[in-house]
Amino acid sequence: MNDFYKCAICGKIVKVIAAGKGELVCCGQPMAMLTNFKSVNEVLDFAIEKEEEARQFYLEWSKKLENKALSEQFVQFAGEENKHKEKLQRVKTGSTFKPAAKQVTDLKIVDYLVDIVPTPGMDYQEALIVAMRREKASFKFYNDLAAMAQDEGLRETFLALAQEEAKHKLRLETEYEKEIYSEN
Ligand SMILES: [Fe+2]
Ligand SMILES: [Fe+2]
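The rules behind each value
Residues numbered from 1 in each chain as written. Chains lettered and ligands numbered in written order. Predicted model: local features only at pLDDT ≥ 70, side-chain atom pairs only at ≥ 80, totals over all residues. Helix = DSSP H or I, 4+ residues; strand = E, 2+ residues; numbered from the N terminus. Expected span 1.5 Å × (residues − 1). Buried ≥ 20, exposed ≤ 12 C-beta atoms within 10 Å, placed from the backbone. Contact = placed C-beta atoms within 7 Å. Core = buried A, V, L, I, M, F, W, Y, C linked by C-beta atoms within 7 Å. Pairing = 2+ DSSP bridges. Axes fitted to C-alpha atoms, helices over the stretch in contact; angles between N-to-C directions. Parallel < 35°, antiparallel > 145°, perpendicular 65-115°, else oblique. Left-handed = near helix turned anticlockwise from the far one by under 90°. Nonpolar A, V, L, I, M, F, W, Y, C, P; charged D, E, K, R; others polar. Domains from an automatic or database assignment.

Enquirer: Could you clarify how one ought to interpret helix α1 (residues 40-64) in this entry?
Expert: Compared with the 36 Å implied by 1.5 Å per residue over 25 residues, the 37 Å span of α1 between its first and last C-alpha is a close match. Within α1, the full set of buried residues consists of Val 43, Ala 47, Lys 50, Glu 51, Ala 54, Tyr 58 and Trp 61. Buried positions along α1 lie against α2 (68-94), α3 (101-106) and α4 (124-148).

Structure, rendered in structure tokens:
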């Protein structure tokens, strides 16, 4: 079961864990199933939205962390995610990203979504897991976009973004291991 539905109004995403006959409704209208991206704009909007989510995530957790060095690291991550967002916004307004239409529609939205989402009551370990999965999904996403980019400069931009997300993931993994070992 890997169906996700998204509300076009509030943006809420719902994962189906058991199928049924009913219709999913949010904000007073039926929710649309997330399948494939339909346009370059949709791809870029998705990426921009994910970067904004990541920025907020790191900022929020930077305030909760007791470890000062790590808290500063998270603030730095938030700044980097913000730069990613701005970079993508520039790509979007410049419309320099022109992959073949077929390539875009081959991208499945679910491949880049993490199936656990942050909850307000999440502990630090759970938060790290959500973040690591998200960084991994971002890495894959930018790598796939790089493969579709026909313009050399743009391809390099996406590859650079992929590398930065990989670094974030590695940093989180190191922290996660420390957490686990300090418990035993
Ligand atoms: Fe990012
Ligand atoms: Fe990141």
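Enquirer: What should I look at first to understand the nonpolar core in this one?
Expert: Generally speaking, a soluble globular protein has its nonpolar side chains buried in company with each other. Among the nonpolar cores identified, the biggest contains 17 residues, and Val 43, Ala 47, Phe 141, Tyr 142, Leu 145, Ala 149 and Phe 158 are the most heavily contacted of them. The set of elements that each furnish at least two residues to this core consists of α1, α2, α4 and α5 (152-183). Examining the composition of this core, we find that five residues originate from one element, α4, more than from any other. With residues near it in sequence (within four places) discarded, Ala 149 still touches Phe 97, Pro 99, Leu 154, Arg 155 and Phe 158. Membership of the second largest hydrophobic core comes to five residues, among which are Ala 54, Tyr 58, Trp 61 and Phe 77.

Enquirer: Can you help me understand α2 in this one?
Expert: Since the α-helix turns once every 3.6 residues, residues separated by three or four places project in the same direction. Over its 27 residues, α2 extends 39 Å from the first C-alpha to the last, a length consistent with the 39 Å expected when each residue adds 1.5 Å. Phi turns positive, to about 45°, at Ser 95, one or two residues after α2.

Enquirer: How do you make sense of the environment of Arg 155 when you look at a structure like this?
Expert: Looking at the secondary structure, you find Arg 155 in helix α5. Since 16 C-beta atoms lie within 10 Å of it, Arg 155 is described here as partly exposed. For Arg 155 and Phe 97, which are 58 residues apart along the polypeptide, the C-alpha to C-alpha distance reads 9.2 Å. Those residues in contact with Arg 155 that lie beyond four places of it in its chain are Ala 146 and Ala 149.

Enquirer: Just checking my understanding: could you explain the sheet that holds strand β2 (residues 13-15) for this structure?
Expert: Ordered in space as β2-β1-β5, the three strands form an open sheet in which the pairing is antiparallel. Two strands lie at the open edges of the sheet, namely β2 and β5 (32-33), each paired on one side alone. Pairing geometry for strand β1 (residues 4-6) and β5, over two bridges, is antiparallel. Looking at the pairing, Tyr 5 lines up with Met 33 of β5.

Enquirer: What should I look at first to understand the environment of Gln 56 in this one?
Expert: Mapped onto the elements, Gln 56 comes out in helix α1. Through-space distance from the C-alpha of Gln 56 to that of Gly 79 is 10.0 Å; in sequence the pair is 23 residues apart.

Enquirer: What exactly am I supposed to notice about the packing of α1 against α4 here?
Expert: Helix-helix packing: each pair is described by the crossing angle between the helix axes and the interaxial distance. Put simply, α1 and α4 touch, their axes get as near as 11 Å, and they point 150° apart. By the angle class used here, α1 and α4 are roughly antiparallel. α1 and α4 meet at a crossing whose hand is left-handed. Of the residues in α4, those in contact with Ala 47, Lys 50, Ala 54, Phe 57 and Trp 61 of α1 are Ala 127, Ala 131, Arg 134, Ser 138 and Phe 141. Partitioned by chemical class, the residues of the contact of α1 with α4 number seven nonpolar, one polar and two charged.

Enquirer: Sorry if this is basic, but what is going on with the domain arrangement of the protein here?
Expert: Where interface size is quoted, it is often the accessible area lost as the parts come together. Its domain assignment divides the protein into domain 1 (1-34) and domain 2 (36-183). Here the C-alpha centroids of domain 1 and domain 2 sit 23 Å apart. Taken together, the contacts link four residues of domain 1 with four residues of domain 2. Looking at the side of domain 1 that touches domain 2 residue by residue, the class counts come to two nonpolar, one polar and one charged.

Enquirer: Got a minute to help me understand the packing of α1 against α2 in this structure?
Expert: Interhelical geometry of α1 versus α2 gives an angle of 165° and a closest axis separation of 8 Å. Between α1 and α2, the angle is such that the two are roughly antiparallel. Relative to α2, the crossing made by α1 is left-handed. For the contact of α1 with α2, the per-class residue count stands at 13 nonpolar, five polar and six charged.

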